[in-house]
Amino acid sequence: MIRRPLHLGALSADGFSIHRSGIRWLIQPGQFCRANQIFGYCNISLQPAGFRLTGDKSFAEETDLQVAFAPRAAGRINGAGAELGGYLSIQRDVCAWDADTVIAQLELEAEPESDVEGLRLLMLAGRRMTGLADVHSGLLPGWHGRTRGWWCDERTVPVSLLSLGICDATGVVLGEQCAFAEMFEAAGAPAQMIFVPDHPLAPAAPILLDQLDRKPAQFQAIADDMHRFLSDSAITPTADDWIFSGAMLTALQQSPIEDAYSLFTPSGTVRTGPADAILLSLSSEPQSLLRHKSLGYHAHIMRHHQSAAGPVFRAFLESAFETVKRSIDDIRLDYEKLLDRMHAVTGARALVINCMSTSGHEDISNYSSFDPPMSRTLSSIASKELNLVLHDIAERRDLSIIDVDAIAADLGGAEHLPDGIHQSGLLQVALRSEILHAMEDLRSAAQIK
Amino acid sequence: MIYAFRLPLINPHMSSARIECVYAEPGGALKNGSKLFDLGVDLSSAFAQECPPVSFFRVVLREPVFFRRLNADRGQLCQVGEQVALFSDKADACLDDAPVRDIRFAVAGIIHHEGMWTGRIA
């Protein structure tokens, strides 16, 4: 048995000292860990050098900063658990980051081929939907409008993937601990994963296009209109109305596709441009969505999220918006516009999870019962037509199809995709592999921007 | 002869379904291919998910029958196996007789639409 100490290793942000909490463990002492499997983490804060103030222009909006630890080689982790505990494992400024601190021992079966004493550090950053969402439970806890993670490796440029999908992307990207752990374990190579949730606005193409094109004055008009409706309402808005409208304004004001990022590395802060790849869900393209009657912006709020709005905000959606029907061809045009705009603004590649187009839960023997166009009614036909549209688009644009339709059929849809959208763990593993494969050739092109 | 429509097990993980739409009125004759019901199947009790896994299905007749009685209201949650409606081969067949079999029907997965009980906003 060979034993190696696991050092925290270097971590640096230009102009700041990094402080950390005590360590919280995700494993039991002596537990076997795979290479790149995170086994513990701590909270961190950035403090301007020479001062004891928190906050920084680069990370000002990301109030949740954490570092998770993974071994560079597989082995048993011993020594885990000898920490301060209690609030001292939560507070971000308990001690300064010290690269030489040994937090555990790695027990290996054989002499390692390379240095394994420096931990592999997975940085995690969350931009809260509200500063009140101050939650301390686990990895990336609380309510975030955007979360991200990246391997903190020296002299490497991570390829960035921004997930703008719905449930069929969420589980694949975030994983079961909601901190990208499975994705980063699968990735191995330097990568940054960014996740934007599908609430309150679901990321249909018209919504993303609006975000790309919206000017500050247009946003102000939206905010004024919303304020006017809530203020003039005959009934008093509830807490749910205010919270929902605040979340809506937050989403309407942002354009995640254009976000640039700061990254800690062992030797300082690196600034990168917008994401190299955008992960979209074809399933998030509805055949009807809302359009504001006078201001023209779009809204698509999934049904299970609509119930979070109070009565006044729901009345706002019903009276200030009209329902716009979209044919399959309309969806194709919206997608093409979005991809062209994305290409022009950031050059990002689109990775699109297609739709599961077969179901073992139906037994149609005669289609004459269904009025044309059947894609208006039958979900399997709509999915097939959308999938075909995606292939047409991919012939002319930089788009990679993540073919859940084929993979789920291969693994067994009834078992691994029972409702057509939420995958099993095994299917998520397969989709992660497809996504990482589709990002492979972006790696050589990635540059620090 | 009396035929029954009992809520079918569309998905092995489901235990119930909501009657989203009812397309026919009791008392009328229905043709082969007629729409009967739209059903909403919510699997959230079977799976812990980011969002409730709700699917929608349309039940379509595969034989001509007379629609005789509806035992459930629109919006009602029915259990698998529950008798939702009764049909007959003749307009005046006695409903006191026990159903001889289930009606013949097809099930199709459908897209949510504005006429459904579940959800009012696009």
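About the thresholds
- Residues numbered from 1 in each chain as written.
- Chains lettered and ligands numbered in written order.
- Predicted model: local features only at pLDDT ≥ 70, side-chain atom pairs only at ≥ 80, totals over all residues.
- Helix = DSSP H or I, 4+ residues; strand = E, 2+ residues; numbered from the N terminus.
- Rg over C-alpha atoms; globule rule 2.2 N^0.38 Å.
- Buried ≥ 20, exposed ≤ 12 C-beta atoms within 10 Å, placed from the backbone.
- Core = buried A, V, L, I, M, F, W, Y, C linked by C-beta atoms within 7 Å.
- Domains from an automatic or database assignment.
- Contact = placed C-beta atoms within 7 Å.
- Pairing = 2+ DSSP bridges.
- Nonpolar A, V, L, I, M, F, W, Y, C, P; charged D, E, K, R; others polar.
- Axes fitted to C-alpha atoms, helices over the stretch in contact; angles between N-to-C directions.
- Parallel < 35°, antiparallel > 145°, perpendicular 65-115°, else oblique.
- Left-handed = near helix turned anticlockwise from the far one by under 90°.
- Expected span 1.5 Å × (residues − 1).
- Arc of directions from axis to C-beta.
- pLDDT = per-residue confidence, 0-100.

### Observations concerning the overall build of chain A
For step 1, the next point in the chain: Looking only at helices and strands, chain A features 12 helices and 21 strands.
For step 2, the next point in the chain: For chain A, the C-alpha radius of gyration of 23 Å lies close to 22 Å, the compact-globule estimate for 449 residues.
For step 3, the next point in the chain: With respect to the three principal axes, the spread of C-alpha positions in chain A is 70 × 55 × 40 Å.
For step 4, the next point in the chain: In chain A, which comprises 449 residues, the proportion classed as buried is 45%.

### Overview of the nonpolar core
All names here are of chain A.
For step 1, the next point in the chain: Membership of the largest hydrophobic core comes to 150 residues, with the highest contact counts inside it found for Ala68, Ile278 and Leu279.
For step 2, the next point in the chain: Broken down by element, the residue count for this core peaks at 6 residues, all from helix H12 (residues 425-443).
For step 3, the next point in the chain: Taken together, domain 1 (2-122) and domain 2 (205-214 + 255-287 + 326-443) each give at least three residues to this core, which thus spans both.
For step 4, the next point in the chain: With residues near it in sequence (within four places) discarded, Ala68 still touches Ile38, Tyr41, Leu122, Leu124, Leu139 and Ala179.

### Describing the pairing of strand E13 (residues 191-195) of chain A
All names here are of chain A.
For step 1, the next point in the chain: Of all 5 residues making up E13, 5 are buried, and the element is well covered by its neighbours.
For step 2, the next point in the chain: Side chains of E13 alternate between two faces, with Ala191, Met193 and Phe195 and Gln192 and Ile194 buried alike.
For step 3, the next point in the chain: The pairing of strand E11 (residues 144-151) with E13 spans 4 bridges and is classified as antiparallel. Pairing of Arg148 across the sheet is with Ile194, part of E13.

### Here we look at the domain arrangement of chain A
For interface size, the figure often reported is the accessible area lost on association.
Residues and elements named next belong to chain A.
For step 1, the next point in the chain: The domain boundaries assigned to chain A delineate domain 1 (2-122) and domain 2 (205-214 + 255-287 + 326-443).
For step 2, the next point in the chain: A separation of 35 Å is found between the C-alpha centroids of domain 1 and domain 2.
For step 3, the next point in the chain: Every contact between the two is made by 8 residues of domain 1 and, on the other side, 7 residues of domain 2.
For step 4, the next point in the chain: In terms of residue class, the side of domain 1 that touches domain 2 is built from 4 nonpolar, 3 polar and 1 charged.

### Re the sheet that holds strand E1 (residues 2-7) of chain A
Picture the strands of a sheet paired through backbone hydrogen bonds; they go either parallel or antiparallel.
Residues and elements named next belong to chain A.
For step 1, the next point in the chain: Spatially, 4 strands are ordered E1-E9-E7-E4 in an open sheet, and the strand pairing comes out antiparallel. Looking at the sheet topology across the chains shown, the edges are occupied by E1 and strand E4 (31-33). Neighbour-to-neighbour, the strand axes of the sheet open up by a mean angle of 35°, direction not taken into account.
For step 2, the next point in the chain: Relative to strand E9 (residues 102-108), strand E7 (residues 75-78) runs antiparallel, the two being bridged by 3 bridges. Paired with Asn78 across the strands is Gln105, a residue of E9.

### Examining the environment of Ala74(A)
Residue and element names in this part refer to chain A.
For step 1, the next point in the chain: Summarising the element assignment, Ala74 is placed in the loop between strand E6 (64-70) and E7.
For step 2, the next point in the chain: A C-alpha to C-alpha distance of 7.4 Å links Ala74 and Phe32, two positions 42 residues apart in sequence.
For step 3, the next point in the chain: Not counting residues up to four positions away in its chain, the partners in contact with Ala74 are Cys33, Arg34 and Ala35.

### Here we look at the packing of helix H4 (residues 216-232) of chain A against helix H5 (residues 239-253) of chain A
All names here are of chain A.
For step 1, the next point in the chain: For the pair H4 and H5, the least separation of the axes is 10 Å and the interaxial angle reads 170°. Between H4 and H5, the angle falls in the class roughly antiparallel. Along the contact surface, H4 presents Phe219, Ile222, Ala223, Met226 and Leu230, while H5 presents Asp241, Ser245, Leu249, Leu252 and Gln253.
For step 2, the next point in the chain: Of the residues contributing to the contact of H4 with H5, the split by class is 7 nonpolar, 2 polar and 1 charged.

### Some details on the packing of helix H3 (residues 205-213) of chain A against helix H8 (residues 328-345) of chain A
Residue and element names in this part refer to chain A.
For step 1, the next point in the chain: Where H3 contacts H8, the two axes come as close as 9 Å, and the packing angle between them is 35°. Relative to H8, H3 is oriented so that their crossing is left-handed. Between H3 and H8, the contacting residues are Ala205, Pro206, Leu208, Leu209 and Leu212 on the first element and Asp334, Tyr335, Lys337, Leu338, Arg341 and Val345 on the second.

### Considering H5(A)
Residue and element names in this part refer to chain A.
For step 1, the next point in the chain: For H5, spanning 15 residues, the distance from its first C-alpha to its last is 21 Å, which sits close to the expected 21 Å at 1.5 Å a residue.
For step 2, the next point in the chain: Along H5, the residues classified as buried are Asp241, Phe244, Ser245, Ala247, Met248, Ala251 and Leu252. With its buried residues spanning 160° around the axis, H5 presents them on a single face.
For step 3, the next point in the chain: Looking at the buried residues of H5, the elements they touch are H4 and helix H7 (311-320).

### Digging into the interface of chain B and chain A
For step 1, the next point in the chain: Across the contact, 26 residues belong to chain B and 35 residues belong to chain A.
For step 2, the next point in the chain: Looking at the side of chain B that touches chain A, the elements that each hand over two or more residues are strand E5 (54-61) and strand E10 (105-110) of chain B.
For step 3, the next point in the chain: With 5 residues, E10(B) is the single largest residue contributor to the side of chain B that touches chain A.
For step 4, the next point in the chain: Across the side of chain B that touches chain A, the residue classes break down as 15 nonpolar, 8 polar and 3 charged.

### Description of the sheet that holds strand E2 (residues 16-22) of chain B
Residue and element names in this part refer to chain B.
For step 1, the next point in the chain: Pairing within the open sheet is antiparallel, and its 5 strands lie in the order E7-E2-E4-E5-E10. Of all the strands in the sheet, the pair left with one neighbour each is strand E7 (77-79) and E10. Pairwise comparison of adjacent strand axes, ignoring direction, gives a mean angle of 35° for this sheet.

### Re the environment of Val116(A)
Residues and elements named next belong to chain A.
For step 1, the next point in the chain: Note on placement: Val116 falls in the loop between E9 and strand E10 (120-128).
For step 2, the next point in the chain: Its 20 C-beta neighbours within 10 Å are what place Val116 among the buried residues.
For step 3, the next point in the chain: Sequence spacing of Val116 and Ser17 is 99 residues, and the spatial spacing of their C-alpha atoms is 25 Å.
For step 4, the next point in the chain: The residues touching Val116, leaving out its near neighbours within four places in the chain, are Arg4, Pro71, Arg72, Ala73 and Leu106.

### Regarding the environment of Pro237(A)
Residues and elements named next belong to chain A.
For step 1, the next point in the chain: By the secondary structure assignment, Pro237 is in the loop between H4 and H5.
For step 2, the next point in the chain: Note: C-alpha distance between Pro237 and Val173 (64 residues apart in sequence) is 36 Å.
For step 3, the next point in the chain: For Pro237, the residues in contact, after removing those within four places along its chain, are Leu230, Trp242, Gly310 and Val312.

### Here's the deal with the confidence of the model for chain B
For step 1, the next point in the chain: For chain B, the average pLDDT comes to 91, and 93% of its residues sit at 70 or higher.
For step 2, the next point in the chain: As scored by the predictor, the complex reaches a pTM of 0.90 and an ipTM of 0.86.

### Comments concerning unusual backbone geometry
All names here are of chain A.
For step 1, the next point in the chain: Residues His199 and Pro200 are joined by a peptide bond in cis, for which omega reads -10°.
For step 2, the next point in the chain: Note that Pro200 resides in the loop between E13 and H3.
For step 3, the next point in the chain: A cis amide bond links Pro372 to the next residue, Pro373, at an omega of -10°.
For step 4, the next point in the chain: One can find Pro373 in the loop between strand E20 (349-353) and helix H9 (379-396).
For step 5, the next point in the chain: One non-glycine residue, Phe180, adopts positive backbone phi at about 65°.
For step 6, the next point in the chain: Within the fold, Phe180 resides in the loop between helix H1 (167-174) and helix H2 (181-187).
For step 7, the next point in the chain: Since 29 C-beta atoms lie within 10 Å of it, Phe180 is described here as buried.

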